[in-house]
Structures are given as structure tokens and as C-alpha cells.
Amino acid sequence: MNEFSAGGVIIKKRPEGILVLLIKDGYGRWTWPKGNIEKGETPQEAAIREIREEVGLKNIRPLDKLDVIKYVYRLKGKLIFKTVYLFLFEAQGEESLKVLKEEIEDAQWLTPDEALRRIEYKGAKEVLKKAIGRFREGLLNGQTDRSN
Ligand code: ATP
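Rules behind the numbers
- Residues numbered from 1 in each chain as written.
- Predicted model: local features only at pLDDT ≥ 70, side-chain atom pairs only at ≥ 80, totals over all residues.
- Heavy atoms only, no water.
- Pairing = 2+ DSSP bridges.
- Helix = DSSP H or I, 4+ residues; strand = E, 2+ residues; numbered from the N terminus.
- Phe/Tyr/Trp six-rings, centres within 6.5 Å; stacked < 30°, edge-to-face > 60°.
- Buried < 20%, exposed > 50% of the residue type's maximum accessible area, 1.4 Å probe, protein only.
- Lys NZ or Arg CZ within 6 Å of the ring centre and 35° of its normal.
- Patch = residues over 30% accessible without salt bridge, like charges linked within 9 Å, V, L, I, M, F, W, Y side chains within 5 Å.
- Areas by Shrake-Rupley, 256 points an atom, 1.4 Å probe, with all protein chains shown as cover.
- Salt bridge = Lys/Arg side-chain N within 4 Å of Asp/Glu carboxyl O.

Structural notes on the pairing of strand β1 (residues 2–14)
On any regular strand, side chains alternate: one points to one face of the sheet, the next to the other face.
Thought 1: Sheet analysis places β1 next to strand β6 (residues 78–91), joined by 10 bridges and oriented parallel. Among the inter-strand pairings, alanine 6 is bridged to a residue of β6, identified as tyrosine 85.
Thought 2: Sheet topology note: the β1/strand β4 (residues 34–36) ladder contains 3 bridges and is antiparallel. Within the sheet, the bridge partner assigned to glycine 7 lies in β4 and is lysine 34.
Thought 3: Where β1 lies against strand β2 (residues 17–24), 5 bridges are found, and the strand directions are antiparallel. Directly across from isoleucine 11, in β2, lies its bridge partner valine 20.
Thought 4: The antiparallel hairpin formed by β1 and β2 contains 2 residues in its connecting segment.

Quick look at the packing of aromatic side chains
Thought 1: Taken as a whole, this structure holds 2 aromatic pairs when the rule is applied.
Thought 2: Both rings, one in tyrosine 71 and one in tyrosine 73, keep their centres 6.3 Å apart while their planes meet at 35°; by these two values the pair is tilted.
Thought 3: When the ring of phenylalanine 87 is compared with that of phenylalanine 89, the centres are 6.4 Å apart and the planes differ by 50°; the resulting orientation is tilted. Considered together, phenylalanine 87 and phenylalanine 89 belong to a single accessibility category, that of buried residues.
Thought 4: When the ring centre of tryptophan 30 is taken as reference, the NZ or CZ atom of arginine 118 above it lies at 4.8 Å.

Observations concerning a nonpolar patch on the surface
Thought 1: A grouping of Val72, Leu79 and Phe81 is seen on the molecular surface, where their side chains present a nonpolar patch of about 250 Å² in accessible area.
Thought 2: In this fold, phenylalanine 81 is placed in strand β6.

Encoded structure:
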């Protein structure tokens, strides 16, 4: 079976530097928020909806496509081929993080170093590095919002 999800690396600016949002998923691993793409949704719309539903952030701005990752897992004996569309977002304003879904154990804003230490799925560290690099390039090029 094939399954399609969408999610994102969300970054915000602080005077001291940038912070990255990670959640602890239902399997006890730190990762990005994501979830199933519903009928009629684009991957980016699904990512925005899932982020709102999982951690309560409504004020996020899409900056870029980030990656498309694939993995396989087994559920009740069946192989599931999963594709996840990932986007880079900037969180704006001062919205507080919430843990809104039962499956999620925690959600935190982390420094880039701490986020890179915690994330552990295969290949996820590289995606996170790319996201942080892109965000910093955007800062240098003045592409992110300087009004907050
Ligand atoms: P969602 O609705 O968010 O897609 P889910 O629980 O249906 O959630 P996954 O989060 O993909 O699906 O989890 C299914 C299995 O894949 C679990 O064993 C999980 O630990 C594993 N998994 C989750 N993210 C990754 C990843 N980035 N790389 C490899 N395996 C992952």
C-alpha cells in the first residue's frame, strides 16, 4: 500500500538566533510535524493543516519546498510505502506551542544544534541541515520577514 503525507520544518527567528520546531512522535522519536494528505488538498495545504492540528501554529509562512522522503514500514503485517512531502516554514509572531494530538508526546522549540542532536530517523538529520541552511541563506538574502 502507498501512503502520502506532508509536513514541514518550521523555524522562527529570535534575537539570540533561530529556533527549530520538533515534535516527539507516537513512537518516541523527535521529528517534524506531518500527516496524511486528504483528498483535494495539495501537499502544502496538508502540511499547513497538519501543523495547525498537531501543534496549534496558525501563523506560518511557506518559504520553500524542502524535500520528498520515502520509507517503508510494516503495519499489521502489510508493507506500507510512504512518501512525505516536506516544506520549509517560518513561524511568525508569538504563538504558543500546544500538543493537540494524543499520538504526540511533546513539541518544543530547539536550537539548531539541539534539534540536530535529537532527530534520529534515517536521513532526517540531512533534511534538517538543509532546512537550517536554506533558512539562513534566506536571512542573508533578506527573504524572510524582518517585521517581527
Ligand atoms: P502520519 O499520519 O503522521 O503520517 P503515522 O503514524 O501514520 O503518522 P509514520 O509517522 O510514518 O505514520 O509512522 C509509521 C512508522 O514509520 C513508524 O514505525 C515510525 O516510527 C516510522 N517513521 C516515521 N517517520 C519516519 C522517517 N522519517 N523515516 C523512517 N521511518 C519513519
